[in-house]
Amino acid sequence: MVDSGTQVHKSMPRSGLETLLSVLSQEGYRLVGPTISEGAIVFDDIATTKDLPIGWTDRQSPGRYRLEKSGDDRAFGFVVGPHSWKQFLFPAKETLHQATYDESAGMWRQSDDHTVATAFIGVRACDLAGIGIQDRVFIGGKYVDQGYHNRRHSHFIVAVNCLQAGDLCFCDSMGTGPEVKSGFDICLTELDSTFLVQAGSERGDSIVAQLPLAAASQDEHKALLTGLAQCRQSMGRQLDTENIEGLLFGNLEHPQWEDVSERCLACGNCTMVCPTCFCYSVDEVADLGDDPPQRERSWDSCFSQQHSKINGATFQPAIKDRYRQWLTHKLASWQSQFGTSGCVGCGRCIAWCPVGIDLTEEVAAIRVGAEEPVSMPACETVTIAPATEQDAGESTTPIFATTEATVAGVVTEAPKVATLALTMPVGYDYQPGQFNMLSLPGIGEVPISVSGDSDGAFEHTIHSVGNVSEALNGLEPGSTLGVRGPYGSSWPMALARSRPVTVIAGGLGLAPLRGVIRRLLEQAESGSRNGDTEWLRLIYGARHPEALLFTRELEQWRKNPAFRVAVTVDQSTSGWTGNVGTVITFLSRKRIPVESLYLVCGPEVMMLAVVRVLLDAQVPPEHIYLSMERNMKCAAGHCGRCQYGPYFICKDGPVLGYDKLSFLFGKRGF
Amino acid sequence: MTATANPERPRLGVFKLTSCDGCQLTLLDCEDELLLLAATIDIVHFPEGVSPARSEGPFDLAIIEGSVSTAEQLQEVKQIRSQSRVLVTIGACATSGGIQALRNFVSGEEDGFDEFRKAVYARPEYVDSLATSTPVSQHVAVDFELRGCPIDKRQLLELITAYLRGRTPAIKNESVCFECKRRGTVCVVVTDNTPCLGPVTHAGCGAICPAFRRGCYGCFGPRESAATESLATQMKNIGRSEQEILRSFRLFTAASPEFEKESKRHE
Ligand SMILES: Cc1cc2nc3c(=O)[nH]c(=O)nc-3n(C[C@H](O)[C@H](O)[C@H](O)COP(=O)(O)OP(=O)(O)OC[C@H]3O[C@@H](n4cnc5c(N)ncnc54)[C@H](O)[C@@H]3O)c2cc1C
Ligand code: SF4
Ligand code: SF4
Ligand code: SF4
Ligand code: SF4
Ligand code: FES
């Protein structure tokens, strides 16, 4: 920038760096900065400039990193190493805030805030952009990660302009560097014999005031500008980002994915070193003794199997699926989710990939012989939560804030399926289609749809498939459990009001749809559907008659002349007089009204087949709604587990219009 | 499975088949922690060689260490299975045949070991006569396999607590690289060209070796999706000989299908 303010930059002798460190120390900051360890420049505690890698530089190529003497005495004469600042803002392992179990109160409580105000020494422009991107994830939406928030706002940032690009840098392509423009407290530029110093915040001003500064000379300004220009010229890598979102999602079957999957180890190193990757797992851990269980969060990655695993399915089983998830997320779907690319062009993932896979080369290869790009959904606005809770007001909620619910009643619906009616905290309400996170301390937490409400209790119909669901189904009236919610989108009630509605459910899929049926019937009773006949239809399939849910309610529904109920079973048993066959066979034999709204929930293969039949019958995609299922840990758009292309099933879903899903639905590996 | 046990006082059975002493030591090392539980659970421990005078089940949790190497042991694991609600196996021996499975490779080289081994794996009744070493899961259903040579103490305790509390153990099946990066270790492959099995190895050890600037030896055996072929190419590119690559994959868990296949590619 030409106007990199002659006024703002001051000149500081080299010795001033030591003064800066000691001033920050005296102000009570822990100092973390670059230092040499294990053959690389890493970020660790530092005390004086002696700890900095003075006179060292890094040489990098795909899968290779070496330190070399630089031949000068610069303190910041290198680019980026294996560490990024994310490990201090979003630690690799952490006992969760809001998630220490309070035995006496019987619930999860916010654990103490252990934030130690830290000064980051030497943050590059790309890394500042990386921090900005994680802000959007962890404190940019409705839910706020309290630990990240506290750390983020108490930490002090000393940034450094890059005048020399690394062999794997491409910040210029990503528009994130090499010049530090905002988001810092102090910015340094290391010149031959001096530093240029610039304050970027009030905190920064007060520190800068204590440094030995003089006015910067014309030559120093010129050195900054030519240095930045040279740096842009010498980028080791380039990435053509033009229409990259549409390109990647339009080429999901490009042969290059197969090619890279033969090299990729799915080791996860690229995601761990990436300053923006945010995926995490939350696990219940407990000692053998009487210590209360704890919840631990740790970095996860789309290269792990757990990331995409739910009971009975793994959505990204192959290495190809996982690499494609990484690249399409980084460079494409991130844009729809957060309004920015997920890549800042730091080159870490290239250097620290043991087999040297270079994403810039992979993208270039995909551009060769590429098909037409597709259009991607636009991003909603992201606002970063301010420093204090007062400022944040009521627009944000701490993530993982759990309260207590009591089991009011239990109804066995079918073998291994029960409905728990829960008395919820005061003021709780939900919309049909939404879900809650139900938890039992020391056992786990799972997403469960609200299947209806009656007499002030909220129902959850649960199939015992694993440890948590089994433990939930074992609860008796009067017992308590943890609950947070409601989360996610709901069935389109407004659309449903004005047209006939067809509900198609497979197996347990009826649970999230029961609420919507009840609401529609209530509305009709109050006269909204006067004169309409058979405006509501249900097509419900189960494996066999014993597996049918809500049988008594089904009988009541049948008695309603406006409601046409069809039940079919895959395998009949003696005494069954109803339909036999799958929902699909049933559906294909029936007339499919084009004007109806279709609400569909069931196993994904079933939904896929239903959608095909409906589309064949010319039903418009925007009148088909599906409820999706993915692995979930946070339910707030933070843990990354539930991603489905550009969507987080926990917050953009679970209910999504088929018009939004069509470009991806049915493609394997997402 | 079939057996039911007294929920008031869960019974924990610990069994030892053929193994080295590593896991045994880890188990002994856990005794302090387990004793803490003595008031609430019954711990029944069966060292190797005590059979057939075994105490009867049922067990809420049975832990088996060691591989199946005799016909007697084969009977024994079947019996344990039928008496246990949850059955877990621990250590490389119990989960992959262990380092003693190495002798299968060596002995085979002279008299057509391929057929020999096929026969063994397909027909466990030959196990005794052929004196090979096979994982417990080859003979009976196993609820959880805890990897490691030796196993990691924290993981063992987590496994026991989780099953006693009815929780899924917080034990991940990711690669060693995940743990290596979480602890902030600088990758030995990228900085030093040191060969490392981390990318294809099941996590659990906490990535100890790279923290001491050595490559991972693969003690925990292959992870799911172990891309051994690509890793072997990488080893070759950094100048390792075929013999060295073969040896890297034919170590503690040599008989695990993924590593066995890879080592054979370099014979
Ligand atoms: C939006 C949504 C709504 C749901 N509604 C219902 C419902 O109304 N009734 C019902 O019975 N089930 C529902 N499920 C599925 C239910 O969450 C899983 O069956 C449950 O998580 C299994 O946990 P488990 O510990 O018993 O089983 P395990 O297989 O041991 O699961 C281990 C862990 O994996 C994760 N996991 C496993 N399966 C799923 C899954 N299907 N979805 C998300 N995470 C999973 C969880 O973290 C779980 O703790 C819903 C899932 C989603 C995503
Ligand atoms: S994707 Fe690679 S280059 Fe881009 S920010 Fe992440 S680590 Fe850096
Ligand atoms: S899903 Fe996205 S954020 Fe998560 S690890 Fe993969 S690339 Fe990174
Ligand atoms: S791209 Fe490289 S670093 Fe990333 S998972 Fe694959 S092999 Fe590992
Ligand atoms: S040192 Fe080994 S385990 Fe660690 S990241 Fe590198 S390859 Fe993976
Ligand atoms: S992002 Fe965590 S569950 Fe959706």
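Cut-offs used in this document
- Residues numbered from 1 in each chain as written.
- Chains lettered and ligands numbered in written order.
- Predicted model: local features only at pLDDT ≥ 70, side-chain atom pairs only at ≥ 80, totals over all residues.
- Heavy atoms only, no water.
- Pairing = 2+ DSSP bridges.
- Helix = DSSP H or I, 4+ residues; strand = E, 2+ residues; numbered from the N terminus.
- Contact = heavy atoms within 4.5 Å.
- Axes fitted to C-alpha atoms, helices over the stretch in contact; angles between N-to-C directions.
- Parallel < 35°, antiparallel > 145°, perpendicular 65-115°, else oblique.
- Nonpolar A, V, L, I, M, F, W, Y, C, P; charged D, E, K, R; others polar.
- Buried < 20%, exposed > 50% of the residue type's maximum accessible area, 1.4 Å probe, protein only.
- Near = heavy atom within 4 Å.
- Phe/Tyr/Trp six-rings, centres within 6.5 Å; stacked < 30°, edge-to-face > 60°.
- Lys NZ or Arg CZ within 6 Å of the ring centre and 35° of its normal.

1. Here we look at the sheet that holds strand β3 (residues 40-45) of chain A
Sheet strands pair by backbone hydrogen bonding; their relative direction is either parallel or antiparallel.
Residues and elements named next belong to chain A.
(1) Moving on: Judged by pairing direction, the sheet is mixed, and its 8 strands sit side by side in the order β3-β2-β8-β10-β11-β12-β1-β13 without closing on themselves. Both outer strands of the open sheet, β3 and β13 (214-215), are each paired with one neighbouring strand and no more.
(2) Moving on: Seen against the sheet, helix α7 (residues 218-233) touches β1 (10-13), β11 (186-190), β12 (194-199) and β13 and runs at an angle of roughly 80° to β12.

2. Considering the packing of helix α11 (residues 319-338) of chain A against helix α13 (residues 359-367) of chain A
Between two packed helices, the angle of one axis relative to the other and the distance separating the axes together describe the packing.
Residue and element names in this part refer to chain A.
(1) Moving on: Put simply, α11 and α13 touch, their axes get as near as 12 Å, and they point 90° apart. By the angle between their directions, the pair α11 and α13 is classed as roughly perpendicular. In contact with Y323, L327 and L331 of α11, α13 contributes L359, E362, V363 and I366.
(2) Moving on: Counted by class, the contact of α11 with α13 contains 6 nonpolar, no polar and 1 charged residues.

3. As for the environment of F648 of chain A
All names here are of chain A.
(1) Moving on: Summarising the element assignment, F648 is placed in strand β33 (residues 647-648).
(2) Moving on: Along the sequence, F648 and H638 sit 10 residues apart, while their C-alpha atoms lie 9.0 Å from each other.
(3) Moving on: Among residues more than four places away in sequence, those in contact with F648 are F278, Q337, F338, G637, G640, C642, Q643 and G653.

4. Notes on the side chain of N269 of chain A
(1) Moving on: Within the element layout of this structure, N269 of chain A appears in helix α10 (residues 269-273).
(2) Moving on: Overall, the relative accessible area of 2% leaves N269 of chain A in the buried class.
(3) Moving on: Leaving out residues up to four positions away in the same chain, N269 of chain A has contacts with W352 and P354 of chain A together with C177 and K181 of chain B.

5. Comments concerning the site of ligand 5
(1) Moving on: Taken together, the residues surrounding ligand 5 are N269 of chain A together with V176, C177, C180, K181, C187, V188, V189, C196, G198, P199 and P210 of chain B.
(2) Moving on: Bordering ligand 5 are residues originating from chains A and B.
(3) Moving on: Of all elements in the fold, only α9 (176-182) and α10 (188-192) of chain B reach the threshold of two or more residues within the shell around ligand 5.
(4) Moving on: Of the residues forming the shell around ligand 5, the biggest block, 4 residues, is contributed by α9 of chain B.

6. Quick look at the packing of aromatic side chains
Residues and elements named next belong to chain A.
(1) Moving on: According to the stated counting rule, one finds 31 aromatic pairs over all chains in the structure shown.
(2) Moving on: The interplanar angle of 20° and the centroid separation of 3.8 Å between the aromatic rings of F43 and W85 together place this pair among those described as stacked. One end of the pair, F43, is in strand β3; the other, W85, is in the loop between β5 (64-69) and α2 (86-89), with 42 residues separating them in the sequence.
(3) Moving on: A relative accessible area of 8% means that F43 is categorised as buried.
(4) Moving on: Above the plane of the ring of F78 lies R124, whose end atom (NZ or CZ) is 4.9 Å from the centre.
(5) Moving on: In this structure, R630 is placed above the aromatic ring of F315, and the distance from its NZ or CZ to the ring centre is 3.5 Å.

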